[in-house]
Amino acid sequence: MSQPRQAPRSSRFVVVGAGAIGMLYAARLAAAGLETELWARSRAQAAQLDARGIELIDREGSREIAIPARAATDAPGAPADVVLLTVKQPDIDDALISTVMRAGRPGALLLCLQNGIGHMPGLRAAMPGWRAAAVVTTDGALRLGGRAVRHTGTGRLWIEDTDGLECPIRIREGDMTQKMLVRQLKNAGIDAVLSKKMKDRIYQKLLLNAVINPLTALYGVKNGRLPDDPARALLMRRLHEEAFLVLHTDGMSGGEEAWARLHEVCRATADNESSMLQDIRRGRRTEVDWINGGIVALARQYGLAAPLHEAMVTLVRTLEGAADGPST
Ligand code: PAF
């Protein structure tokens, strides 16, 4: 007689990337008692986190959360069932993919939290046996120096529903469905939901990023200052219209309310520096190729023109070069 399948106790998580979002989710998972490890790029940051933990600042105040951390180049510990990939798009390369594959067991679930489009097919092809799900987060987080992170805006974690029942995640104690995973995340205070309409979610976020990110980076202003000035407001409108047409042609739902939502996000995140502005200020490569470059590539598929988004790619790339110092 077949035994009833036992529900798994919990999965083991590895969070790859110790930026603001990686630290926020690692802290939430660890604080809920879930087995979680954080992998950082720098050995110094990993050592500091491992020794002193994360200081999480949120509506409830400030808490110290112990977390095992290691440098991504160190030898891995026990393999994870679920890997949260929170690094930025330019960091996804062959070395990063082999790091991720060392982090998890075969059959593990990879949750990909990047802005922009174009990376999922490459990741899936490079990681046979894994299940890679696109994820969109509307949580806001800000890293305040080495080991402190502030939860700046409560949002939701949309996880692509890759049909957990037919293709379970293999964990130590048996199989786990995505629904079970969502329950674990919710218990950890993360408002996770499964979505079968992920393309739409990704495009709605892309539409925001394709306007806010390059303009805040080029003008050097916080999100709330974008609509203040007539020239910036006009560029916002034109970029929005151009991107909306392309994304709508490729199946994005919605209409005029998207323009109001863009303003709402500028208001709600008024004091934030966009991720692209932060990258420019820190001399790092930005995600412009996957955000505005993603719109341009999609436009080409439909024979549409996206000259303003093309200009954003050129201008932001120029700014990245300028931040690197004069070329020789
Ligand atoms: O990339 C970012 O900074 C954020 O996604 C957003 C929505 C633009 C708010 O800062």
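Position numbers for residues start from 1 in each chain and track the written sequence from start to end. Only residues with pLDDT of at least 70 are given local features in this predicted model, and only at 80 or more are side-chain atom pairs given and counted; all residues enter the totals for whole chains, interfaces and linings.

The name given to the chain in an unreviewed UniProt entry is 2-dehydropantoate 2-reductase, and the organism recorded there is Paenibacillus sabuli. Its UniProt record, at the heading Sequence similarities (unreviewed entry), says of the chain: "Belongs to the ketopantoate reductase family." The heading Catalytic activity (unreviewed entry) in the UniProt record of the chain holds the text "(R)-pantoate + NADP(+) = 2-dehydropantoate + NADPH + H(+)". UniProt positions are given in the numbering used here, feature names are shortened, and annotations may be inferred rather than shown by experiment.

J.: Summarise the site of the ligand; cite the residues concerned and give the values.
T.: Looking at the ligand, the residues that line it are Asn115, Leu208, Asn209, Ile212, Asn213, Asn223, Val265, Thr269, Asn272, Ser274 and Ser275. Here the shell around the ligand takes 4 residues from helix α6 (residues 198-219), the largest share from any one element. Under the scheme applied, nonpolar residues are Ala, Val, Leu, Ile, Met, Phe, Trp, Tyr, Cys and Pro; charged residues are Asp, Glu, Lys and Arg; polar residues are all the others, including Gly. A breakdown of the residues in the shell around the ligand according to their chemical character gives 3 nonpolar, 8 polar and no charged. As a rule, any residue with its backbone-derived C-beta atom within 6 Å of a molecule or strand is reported as near that molecule or strand. Numbering of helices and strands runs from the N terminus, with a helix taken as a DSSP run of H or I at least four residues long and a strand as a DSSP run of E at least two residues long.

J.: Outline the UniProt feature "domain: Ketopantoate reductase C-terminal" (unreviewed entry) in the chain, supporting the account with residue identities and numerical values.
T.: Following the UniProt record, one finds the feature "domain: Ketopantoate reductase C-terminal" (unreviewed entry) at residues 199-320. Across residues 199-320, helical content stands at 72% and strand content at 0%; the span's end C-alpha atoms are separated by 29 Å.

J.: Could you give an account of the domain arrangement of the chain, naming the residues involved and the relevant values?
T.: Looking at the assigned domains, one finds that the chain contains domain 1 (12-196) and domain 2 (200-322). Segmentation into domains, and thus their bounds, comes from an automatic or database assignment. Averaged C-alpha coordinates put domain 1 and domain 2 at centres separated by 26 Å. Residue-level contacts link 15 residues of domain 1 with 15 residues of domain 2. At the level of secondary structure, the elements contributing two or more residues to the side of domain 1 that touches domain 2 comprise β8 (131-137) and β10 (148-153). Among the residues making up the side of domain 1 that touches domain 2, the classes are represented as 5 nonpolar, 9 polar and 1 charged. By definition, residues are in contact whenever their C-beta atoms, placed on the basis of the backbone, come within 7 Å of each other.

J.: An account of the confidence of the model for the chain is needed here, citing residue identities and associated values.
T.: The predictor's confidence in any single residue is recorded as pLDDT, a number from 0 to 100. Averaged over all residues, the pLDDT of the chain is 91; the fraction at 70 or higher stands at 92%. The low-confidence segment residues 1-7, where pLDDT is below 50, has 2 contacts with residues more than four positions distant or belonging to other chains. Across the interface, the model reports ipTM at 0.96; the global pTM reads 0.92.

J.: Go over helix α3 (residues 94-103), please, and point to the residues and values.
T.: With C-beta atoms placed from the backbone, the exposure class of a residue follows from how many other C-beta atoms lie within 10 Å of its own: 20 or more, buried; 12 or fewer, exposed; in between, partly exposed. Of the residues making up α3, those classed as buried are Thr99, Val100 and Ala103. An end-on view of α3 places all buried positions within 95 degrees of arc, on one side of the element. Here the buried face of α3 lies against β1 (13-16), β2 (36-40), β6 (80-85) and β7 (104-112). An arc is given here, and it is the one of the directions from the helix axis to the C-beta atoms.

J.: Quick rundown of the sheet that holds β2? Include the residues and the values.
T.: Whether two strands pair comes down to DSSP finding at least two bridges between them. Judged by pairing direction, the sheet is mixed, and its 8 strands sit side by side in the order β5-β2-β1-β6-β7-β8-β11-β14 without closing on themselves. Looking at the sheet topology across the chains shown, the edges are occupied by β5 (69-71) and β14 (192-195). For this sheet the average axis-to-axis angle between neighbouring strands, irrespective of direction, equals 25 degrees. Strand direction decides the pairing type here: β1 and β2, joined by 4 bridges, are parallel. Bridge pairing in β2 links Phe13 to Thr36. Contacts between helix α1 (residues 20-31) and the sheet are confined to β1, β2, β6 and β8, with β2 contributing the most and set at about 160 degrees to the helix. Interaxial angles span 0 to 180 degrees and are taken between N-to-C directions of axes, which are lines fitted to C-alpha atoms, for helices over the stretch in contact. Running at roughly 165 degrees to β5, helix α2 (residues 43-52) makes contact with β2 and β5 of the sheet.

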